[in-house]
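# Close look at the chain arrangement
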Amino acid sequence: MTSPPKLLAARAGVAERAVESRHLRRVWGVPGTALGAVAWPPGWPARLHVRFGYWWQAHLLDCVLDAQLRSPKDARVALVQRLVRGIRVRNLVGWTNDYYDDVAWLGLALLRAEREVGIAKPNAIATIADRLRAGWTDHGGGGIWWRRDDDFKNVPANGPAAILFARLGARADLARARSIVDWVEDNLADPETGLVWDGLHVHPDGTIREVEKNFYTYCQGVVLGACVELGGRYQDKAARIIDAVDKHLATDGVLRGHGGGDGGLFSGILARYLAQAALRLDRPQAARAADLVFGSANAVWANRTAVVSGPLFGPEWSEPAVKGNGPERDLSVQLGGWMALEAAALLERDGIPPSRS
């Protein structure tokens, strides 16, 4: 007897087909390559990948890997291979760029590709890990820079780096991951809300010049993800972040958006790591994390609009998506919605029900 179809898995599959149909393109006609056009409908700059969106492509790769775990297919493994090759071809100068957050995201996606579908790029992962290790300095008390030759250290770079180091698992890398999370906690945790701020600027002598006290779902997601990976004493920090997100960055159980462009990915990132917390956190807040994922995914779906090849998601999940030239055109926004749906499908697959009434 076959199992009944899973509703959230079906929705994630529809999102997958829509994004791939509208956005996937070869890189300059090179066989065996694929990337996501950064906008839809794609004008000639998007068709030619004039604007690359390096870290968007890493999240596209992550979404395809999520889909493969949901519903394994040989064709999807082939797509992973094409995306990996497409990123390398389009990046021109190797696997890295000047932004430590960008390379950390690609490192995470490549590590998943190796471990989950057997597409291994060990030299690329080693190069990325070495770049991130070199990005740590004592300026501002520690932490990794946002980009090379800058004065800013932020959670968006340090969080995914900590997750990568934790997953690499070597003793020295685990120590690095703990040092990163401890540095964030010491310098960028808001004592009033329990959330983490964006980052800090430093003087040339290493003293802190200014703290950027913005709250982004992205930042909460990556610190949460690192805490879940590390476990132990970091579980309490993970639980605190979930409570704070529920109180300050969600409305009626739906994560708030951050517009288009890079912001289109922010809440999808948080949804991804909330799902990991729901599965792995040994705290009562695990159920709350699941509820935030389910509430957000249901809102993504309920507020979609229909265009060519399927649903179009909006940047603010609690509001109806709009056709036209707004942020809905951005690949990032569509990936954010797809990520939320895959996160909910993962919980559905593991038999975790929503508990919020």
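Structure: see above.
Residues numbered from 1 in each chain as written. Predicted model: local features only at pLDDT ≥ 70, side-chain atom pairs only at ≥ 80, totals over all residues. Heavy atoms only, no water.

### Focus on the sheet that holds strand 5 (residues 208-212)
Taken together, three strands build an open sheet; the order of strands is 3-4-5 and the sheet is antiparallel. Among the strands making up the open sheet, the edge pair consists of strand 3 (152-154) and strand 5. Sheet twist, expressed as the mean angle between neighbouring strand axes with direction ignored, is 20 degrees. In terms of strand pairing, strand 3 meets strand 4 (residues 199-202) through three bridges, oriented antiparallel. Directly across from Asn-154, in strand 4, lies its bridge partner Gly-199. Running at roughly 80 degrees to strand 4, helix 8 (residues 171-188) makes contact with strand 3, strand 4 and strand 5 of the sheet. (Pairing = 2+ DSSP bridges. Helix = DSSP H or I, 4+ residues; strand = E, 2+ residues; numbered from the N terminus. Axes fitted to C-alpha atoms, helices over the stretch in contact; angles between N-to-C directions. Contact = heavy atoms within 4.5 Å.)

### Side note on the packing of aromatic side chains
Note on aromatic pairs: each is described by the distance of the centres and the angle between the planes. Inspection of the entire model under this criterion finds seven aromatic pairs. Where Tyr-216 meets Phe-266, the ring centres are 5.7 Å apart and the plane angle is 70 degrees; that geometry is what we call edge-to-face. Here Tyr-216, found in the loop between strand 5 and helix 9 (217-230), pairs with Phe-266, found in helix 11 (residues 266-280); they are 50 residues apart in sequence, far enough to count as distant. Since its relative accessible area comes to 13%, Phe-266 is described here as buried. Taken together, a centroid distance of 5.1 Å and an interplanar angle of 85 degrees make the contact between Tyr-218 and Phe-266 edge-to-face. (Phe/Tyr/Trp six-rings, centres within 6.5 Å; stacked < 30°, edge-to-face > 60°. Buried < 20%, exposed > 50% of the residue type's maximum accessible area, 1.4 Å probe, protein only.)

### Re the pattern of salt bridges
Counted according to the given criterion, the structure contains 21 salt bridges. Here Arg-209 ties to Glu-210 by a salt bridge, and the two come within 3.8 Å at their closest N and O atoms. Of the residues examined, Arg-209 reaches a relative accessible area of 40% and is grouped as partly exposed. (Salt bridge = Lys/Arg side-chain N within 4 Å of Asp/Glu carboxyl O.)

### Some thoughts on the pairing of strand 4
Here strand 4 shows no split at all, with Gly-199 and His-201 on one side and Leu-200 and Val-202 on the other all buried. As consecutive antiparallel partners, strand 4 and strand 5 are separated by five residues, and within that stretch Gly-206 has a phi angle of approximately 95 degrees, a positive value.

### Comments concerning the pairing of strand 5
Relative to strand 5, strand 4 is paired through four bridges, and the arrangement is antiparallel. Looking at strand 5, one finds that Val-202 is bridged to Ile-208.

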